[in-house]
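Structural overview
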Amino acid sequence: MKKKLTEYLINLVNIPSVIGSEKEICDYVENFSKRYYPEKNIIRYNNSLIVYDEINPSKKTLALVGHLDTVPGENDFTGQIIDGKLYGLGASDMKGGLAVMMGLMDYFSDKSKRFNLIYVFYEKEEGPYIENGLEPLLTEFDIIHKADLAVALEPTDNKVQVGCLGTLHASIIFEGKRAHSARPWQGENAIHKAADFLKRLADYGIHEYEFSGMKFLEVMNATMVEFSGGRNIIPDRFVINVNYRFAPGKSIEQAKKDVLNLVNGEAKVEFTDLCPSGDVCLYNPILSKLIEKFSLPVEAKQAWTDVARLSLHGIDAVNFGPGDPSQAHQKNEYIPLHNLFKNFKIFQSFIEI
């Protein structure tokens, strides 16, 4: 299978699939799936796919989940293997995970399985929460809801990452009065009005938060600014984009309140792209067996993934994939091939009877 997994991943990274341009890669995966599944067991919705076994009620059901898109980026070595690393945009995040899913589809085409398997390939994960391609698959079709455990093959370096941080963005809007910069007393500088807030934000630091025995780190940062005017104008508007990453167990409403408390009434606040946190489901018996059987390291997911969306739909979910998290969104992204092979072997051994 090593040769096949490598071939599948080279094919995947050679197909550009920057967010919003997933048709070609979805066509490729759909045609691949048709080798192993009848058309009645393949659902295509826009550029997302669900491929599934007939559900045998005597077996538990495992869903394997991966996004087809990548962020924009550059890679000078696409499809090349150098020092045991396979290069390509999305190699770690998360076409390596997709290759494992394809390898499992191939391997189990003629072998007995301990679980019913559902494969989910979806578009637009790397963009706004409300445009994410997994949501309509969950709302329009009931098959994913049959999963007793869902595994997102996001890059985790073959560690089980449980839960995930919630995330929100907020526009903090400071308003002043426009004037010529030679006569600032005739105006009110919107940038200067933000000084106290920016100091509090800079001092926010890292807040440790424990949930279900796992330690998450809450952080809040300014990530972008915009203002009106030019170099010789006292600006009458200054907007700071704040990104808040908050721990499981905290609702979106509580997270919004944390931001409002820091603003302290000094500016207007507009919330955008609100993404819930993901549950820590260490109680799940399938997950417990997976961790125990392979002595897998377990850690908190210090980021946002669609584990949160699956949790919101009442589906236990974790992150466990072959990619190197430090390579996600990097120029000349790569995946260590030994990670790819190890991840496949773990799933294969766990699923096979």
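This text gives an overview of the structure that appears in the document. (Residues numbered from 1 in each chain as written. Predicted model: local features only at pLDDT ≥ 70, side-chain atom pairs only at ≥ 80, totals over all residues. Heavy atoms only, no water.)

1. Things to note about the overall build of the chain
Within the chain, the regular secondary structure consists of 10 helices and 18 strands. Projected onto the principal axes, the alpha-carbon positions of the chain cover approximately 80 × 45 × 40 Å. Expressed as a percentage of its 353 residues, the buried residues of the chain come to 52%. Taken as a whole, the chain presents about 15,700 Å² of accessible surface, with 49% of it coming from carbon and sulfur. Taking the average place of the 39 positive charges on the side chains of the chain and the average place of its 47 negative ones, the gap between the two points comes to 2 Å. (Helix = DSSP H or I, 4+ residues; strand = E, 2+ residues; numbered from the N terminus. Buried < 20%, exposed > 50% of the residue type's maximum accessible area, 1.4 Å probe, protein only. Areas by Shrake-Rupley, 256 points an atom, 1.4 Å probe, with all protein chains shown as cover. Lys, Arg positive; Asp, Glu negative; His and termini not counted. Charge placed at Lys NZ, Arg CZ, Asp CG, Glu CD.)

2. With respect to the nonpolar core
Counting residues in hydrophobic clusters, the biggest one holds 62 residues, and the most contacted among them are Leu64, Leu104, Tyr119, Phe121, Val151, Leu340 and Phe347. Here this core gets 10 residues from one element, more than from any other, and that element is helix α3 (residues 91-107). Excluding residues that lie within four positions of it along the chain, valine 151 makes contacts with Leu62, Ala63, Leu64, Val65, Val318, Phe320 and Phe347. Formed by 25 residues, the second largest nonpolar core is a distinct cluster that contains Ile50, Tyr52, Leu137 and Leu310. (Core = buried A, V, L, I, M, F, W, Y, C linked by side-chain atoms within 4.5 Å. Contact = heavy atoms within 4.5 Å.)

3. Structural notes on the pairing of strand β11 (residues 207-211)
Here β11 runs beside strand β12 (residues 214-227); their pairing, made up of five bridges, is antiparallel. For histidine 207, the partnering residue across the bridge sits in β12 and is glutamate 218. (Pairing = 2+ DSSP bridges.)

4. A word on the packing of α3 against helix α10 (residues 337-351)
Running from N to C, α3 and α10 point in directions that differ by 40°, and their axes come no closer than 10 Å. The angle between the axes of α3 and α10 places the two elements in the oblique class. Our pair here, α3 against α10, has a crossing hand that is right-handed. Contacts from Gly96, Ala99, Val100, Gly103, Leu104 and Tyr107 of α3 reach α10 at Leu340, Asn343, Phe344, Phe347, Gln348 and Ile351. Of the residues assigned to the contact of α3 with α10, the class counts are eight nonpolar, four polar and no charged. (Axes fitted to C-alpha atoms, helices over the stretch in contact; angles between N-to-C directions. Parallel < 35°, antiparallel > 145°, perpendicular 65-115°, else oblique. Left-handed = near helix turned anticlockwise from the far one by under 90°. Nonpolar A, V, L, I, M, F, W, Y, C, P; charged D, E, K, R; others polar.)

5. Some thoughts on the state of the cysteines
Scanning the entire structure with this criterion turns up zero disulfides. Not engaged in a disulfide, the cysteine cysteine 164 finds its nearest cysteine sulfur in cysteine 275; these two sulfurs lie 9.1 Å apart. (Disulfide = S-S within 2.5 Å.)

6. Some points on the environment of threonine 61
Note that threonine 61 resides in strand β3 (residues 60-67). The sequence separation of threonine 61 and isoleucine 286 amounts to 225 residues, and the corresponding C-alpha distance is 9.5 Å. At a separation of 3.0 Å, a polar atom in the side chain of threonine 61 contacts the side chain of asparagine 116. (Polar contact = N/O pair within 3.5 Å; in protein donor to acceptor, adjacent residues only side chain to side chain.)

7. Thoughts on a positive patch on the surface
On the surface, Lys60, Arg114, Lys289 and Lys293 cluster together to form a positively charged patch. By the secondary structure assignment, lysine 60 is in strand β3. (Patch = residues over 30% accessible without salt bridge, like charges linked within 9 Å, V, L, I, M, F, W, Y side chains within 5 Å. Salt bridge = Lys/Arg side-chain N within 4 Å of Asp/Glu carboxyl O.)

8. Overview of the sheet that holds strand β4 (residues 81-82)
Taken in spatial order, the three strands line up as β4-β5-β18 in an open sheet, and their pairing is antiparallel. What marks the edges here is a single partner per strand, and that holds for β4 and β18 (334-336). Two strands pair when backbone bridges link them, and strand β5 (residues 85-87) and β18 are joined in this way by three bridges, in the antiparallel orientation. Each residue of the ladder has a partner; that of lysine 85, found in β18, is proline 336. Here helix α1 (residues 2-13) sits on the sheet in contact with β4, β5 and β18, set at roughly 25° to β5. The strands touched by α10 are β4, β5 and β18; relative to β18, the strand with the most contacts, the crossing angle is about 60°.

9. A word on the side chain of lysine 113
Position of lysine 113 relative to the elements: it lies in the loop between α3 and β6 (115-122). Separated by 2.8 Å, the side chains of lysine 113 and aspartate 53 make a polar contact. If we ignore the near neighbours within four places in the chain, the residues touching lysine 113 are Tyr37, Asp53, Lys59, Phe108, Ile351 and Ile353.

10. Some details on α10
It helps to recall that an α-helix has 3.6 residues per turn; residues three or four apart then point in one direction. Spanning 15 residues, α10 covers 21 Å between terminal C-alpha atoms, matching the ideal 21 Å at 1.5 Å per step. Among the 15 residues of α10, 11 are classified as buried, and the element is accordingly described as predominantly covered. Among all positions in α10, only Leu337, Asn339, Leu340, Phe341, Asn343, Phe344, Ile346, Phe347, Gln348, Phe350 and Ile351 are buried. (Expected span 1.5 Å × (residues − 1).)

11. Things to note about the sheet that holds strand β14 (residues 237-246)
Strand pairing in a sheet relies on backbone hydrogen bonds. The paired strands run either parallel or antiparallel. Across the sheet, five strands lie side by side as β11-β12-β14-β9-β15; this open sheet has antiparallel pairing. At either margin of the open sheet sits one strand with a lone partner, and together these are β11 and β15 (268-275). Neighbour to neighbour, the strand axes of the sheet diverge by 25° on average, direction disregarded. As judged from the 10 bridges shared by strand β9 (residues 166-175) and β14, these two strands associate in the antiparallel manner. The residue of β14 that forms the bridge with threonine 167 is arginine 245. Here helix α6 (residues 195-202) sits on the sheet in contact with β9, β12 and β14, set at roughly 20° to β14.

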